[in-house]
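So the chains spell out like this:
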Amino acid sequence: MKTLFSPVRVSAARRLVAALGAGIAMTALFAAPAVHAEDLRVMNSGGFTAAYKLLLPKFEASSGDHVDTAWGPSMGKAPEAIPNRLARGESADVVIMVGYALDDLIKAGKVRPDSRVDLADSRIGVVVRAGDPVPDVSTPETLKAALLAAKSVAYSDSASGVYVERELFKKLGIAEQMKGKAVMVQKTPVAEKVAAGDYALGLQQVSELLPVKGVAFAGKIPESLQSVTRFAGGVPVNAPHPEEAKKLLMYMAAPAVAKDVESTGLDPLAH
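Everything quoted here is computed from the prediction, not taken from an experiment. (Residues numbered from 1 in each chain as written. Predicted model: local features only at pLDDT ≥ 70, side-chain atom pairs only at ≥ 80, totals over all residues. Heavy atoms only, no water.)

A.B. asks: Just checking my understanding: could you explain the overall build of the protein for this structure?
C.D. replies: Per the secondary structure count, the protein includes 11 helices and 11 strands. With the model as given, the accessible surface of the protein reaches about 14,000 Å², and the carbon-plus-sulfur share is 58%. (Helix = DSSP H or I, 4+ residues; strand = E, 2+ residues; numbered from the N terminus. Areas by Shrake-Rupley, 256 points an atom, 1.4 Å probe, with all protein chains shown as cover.)

A.B. asks: I would appreciate a short explanation of the packing of aromatic side chains in the present structure.
C.D. replies: Ring pairs (aromatic) are described by centroid distance and by the angle formed between their planes. All told, the structure shown has three aromatic pairs when counted by the stated rule. Measuring from ring centre to ring centre gives 5.7 Å for Y52 and W71, while their planes differ by 90°; the resulting arrangement is edge-to-face. You can see Y52 sitting in helix α2 (residues 49-63) and its partner W71 sitting in strand β2 (residues 66-71), a full 19 residues away along the chain. Between the aromatic rings of Y155 and F169, the centroid separation amounts to 6.0 Å while the plane-to-plane angle is 80°, which identifies the pairing as edge-to-face. With Y155 in strand β6 (residues 153-156) and F169 in helix α6 (residues 159-172), this residue pair connects regions lying 14 residues apart in the sequence. (Phe/Tyr/Trp six-rings, centres within 6.5 Å; stacked < 30°, edge-to-face > 60°.)

A.B. asks: Explanation requested: the packing of α2 against helix α10 (residues 242-253) in the structure shown.
C.D. replies: The packing of two helices is summarised by the inter-axis angle and the distance between the axes. Interaxial distance between α2 and α10 falls to 10 Å at its minimum, and their mutual angle equals 125°. As summarised for this structure, α2 and α10 are arranged oblique, according to the angle between their axes. Along this stretch, α2 crosses α10, giving a crossing that reads as right-handed. Residues Y52, L55, L56, K58, F59 and S62 of α2 form the contact with α10, whose own contacting residues are E244, K247, L248, Y251 and M252. Residue composition of the contact of α2 with α10, by class: seven nonpolar, one polar and three charged. (Axes fitted to C-alpha atoms, helices over the stretch in contact; angles between N-to-C directions. Parallel < 35°, antiparallel > 145°, perpendicular 65-115°, else oblique. Left-handed = near helix turned anticlockwise from the far one by under 90°. Contact = heavy atoms within 4.5 Å. Nonpolar A, V, L, I, M, F, W, Y, C, P; charged D, E, K, R; others polar.)

A.B. asks: I tried to follow the environment of A200 on my own but got confused; where do I start?
C.D. replies: Relative to the assigned elements, A200 resides in the loop between α8 (190-195) and β8 (201-205). Along the primary structure A200 and R129 are separated by 71 residues, whereas in three dimensions their C-alpha atoms are 6.7 Å apart. Every residue in contact with A200, bar those within four places of it in the chain, is listed here: V127, V128, R129, A150, K151, S152 and V194.

A.B. asks: Explanation requested: helix α4 (residues 99-107) in the structure shown.
C.D. replies: Owing to its 3.6 residues per turn, the α-helix brings residues three or four apart onto one side. Turning to α4, its buried residues number three or more, namely G99, A101, L102, L105 and I106. Buried residues of α4 fall within an arc of 160° about the axis and therefore sit on the same side. Packing partners of the buried residues in α4 comprise α3 (82-87), β3 (94-98) and β10 (229-234). Residue G109 follows α4 closely and has a positive phi angle near 80°. (Buried < 20%, exposed > 50% of the residue type's maximum accessible area, 1.4 Å probe, protein only. Arc of directions from axis to C-beta.)

A.B. asks: I tried to follow the sheet that holds β8 on my own but got confused; where do I start?
C.D. replies: Across the sheet, which stays open at both edges, the five strands sit in the order β7-β6-β8-β5-β9 with mixed pairing between neighbours. Looking at the sheet topology across the chains shown, the edges are occupied by β7 (182-185) and β9 (215-220). Averaged over all pairs of adjacent strands, the angle between strand axes in this sheet comes to 25°, irrespective of strand direction. Two strands pair when backbone bridges link them, and β6 and β8 are joined in this way by three bridges, in the parallel orientation. When the bridges of β8 are listed, Y155 appears paired with L203. Its contacts with the sheet place α6 against β5 (124-129), β6, β7 and β8, and it is angled at close to 125° to β6. (Pairing = 2+ DSSP bridges.)

A.B. asks: How do you make sense of the pairing of β5 when you look at a structure like this?
C.D. replies: Taken residue by residue, a regular strand's side chains alternate between the two faces of the sheet. A large share of β5 lies buried, amounting to five of its six residues. Where β5 meets β8, five bridges bridge the pair, whose relative direction is antiparallel. Following the sheet pairing, G125 is matched in β8 by Q204.

A.B. asks: Quick question: what am I supposed to make of the pattern of salt bridges here?
C.D. replies: If the charged atoms of two oppositely charged side chains come close together, the side chains can form a pair. Per the stated rule, a full pass over the model turns up 14 salt bridges. Linking R116 and D103 is a salt bridge whose minimum nitrogen-to-oxygen distance equals 2.8 Å. Taken together, the positions of R116 in the loop between α4 and β4 (117-122) and D103 in helix α4 put the pair 13 residues apart, joining distant regions of the chain. For R116, a relative accessible area of 28% corresponds to the partly exposed category. D103 gets classed as partly exposed once you look at its relative accessible area, which sits at 28%. Here D118 and R230 are joined by a salt bridge, their closest N and O atoms 3.2 Å apart. One end of the pair, D118, is in strand β4; the other, R230, is in strand β10, and 112 residues separate them in sequence. Overall, the relative accessible area of 32% leaves R230 in the partly exposed class. Three or more residues joined by partner-sharing salt bridges are found here, namely D103, R116, D118, D121 and R230. (Salt bridge = Lys/Arg side-chain N within 4 Å of Asp/Glu carboxyl O.)

Listed below in structure tokens is the structure:
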């Protein structure tokens with residue numbers, strides 16, 4: 001009996017089936033819907049701003065997502081403060097703020113407890129107006145002398161400013177002397193006020209001082225007097241895009257971006 005197919009014909013048929021299979025696979029691949037890019041909304045406080053602005057374009061390029069940002073302090077009475085925005089019912093996919101203020105939102109049921117991601121630590125520094133003598137602030141004694149010598153002193157309305165007002169001046173024994181000449185600045189970055197000549201010396205987190213032009217950075221305050229602020233991010237309970245939000249936070253906390261974070265005056269964390 002003759003075979004229906006010769007070996008040559010069988011081989012050719014197999015090649016044809018393989019080719020057709022590859023074609024079907026390619027067609028399925030290109031027919032599959034592209035990953036849908038999302039429009040995310042982030043609420044971000046001052047201390048992480050410089051790092052955020054540096055990393056955000058890279059995240060958008062890698063993810064395809066578009067991010068809109070609302071700015072405001074981590075706490076306080078200002079309408080722009082992140083807790084006040086959320087209390088008014090403003091929607092957000094991500095909040096980035098002082099860690100303990102974020103913990104308060106988690107306790108209040110505003111942010112998902114399992115979404116918290118630590119991002120970086122921030123230390124307090126000192127600036128004076130560009131062109132003015134730059135004081136030595138490297139020891140408690142020289143910092144105390146610089147504060148007493150300054151005609152006016154500004155500090156922020158966020159975590160670092162609360163520490164300066166309630167603890168730093170007391171630790172240096174100059175709380176009484178600073179009354180009347182030390183002022184908590186609302187909303188505006190402290191360095192901008194110093195650059196404009198409104199105040200002679202300014203204290204704020206280093207990451208908020210360095211980006212401002214028109215000031216000279218005197219240095220960080222001594223480590224024995226430091227208040228280290230941990231910045232963290234979380235996903236509000238009503239976030240429209242929680243999965244994409246988590247990816248954004250993990251991107252900004254990744255070891256691969258640590259050098260970028262450090263370049264802005266923050267101290268990266270080991271994850």
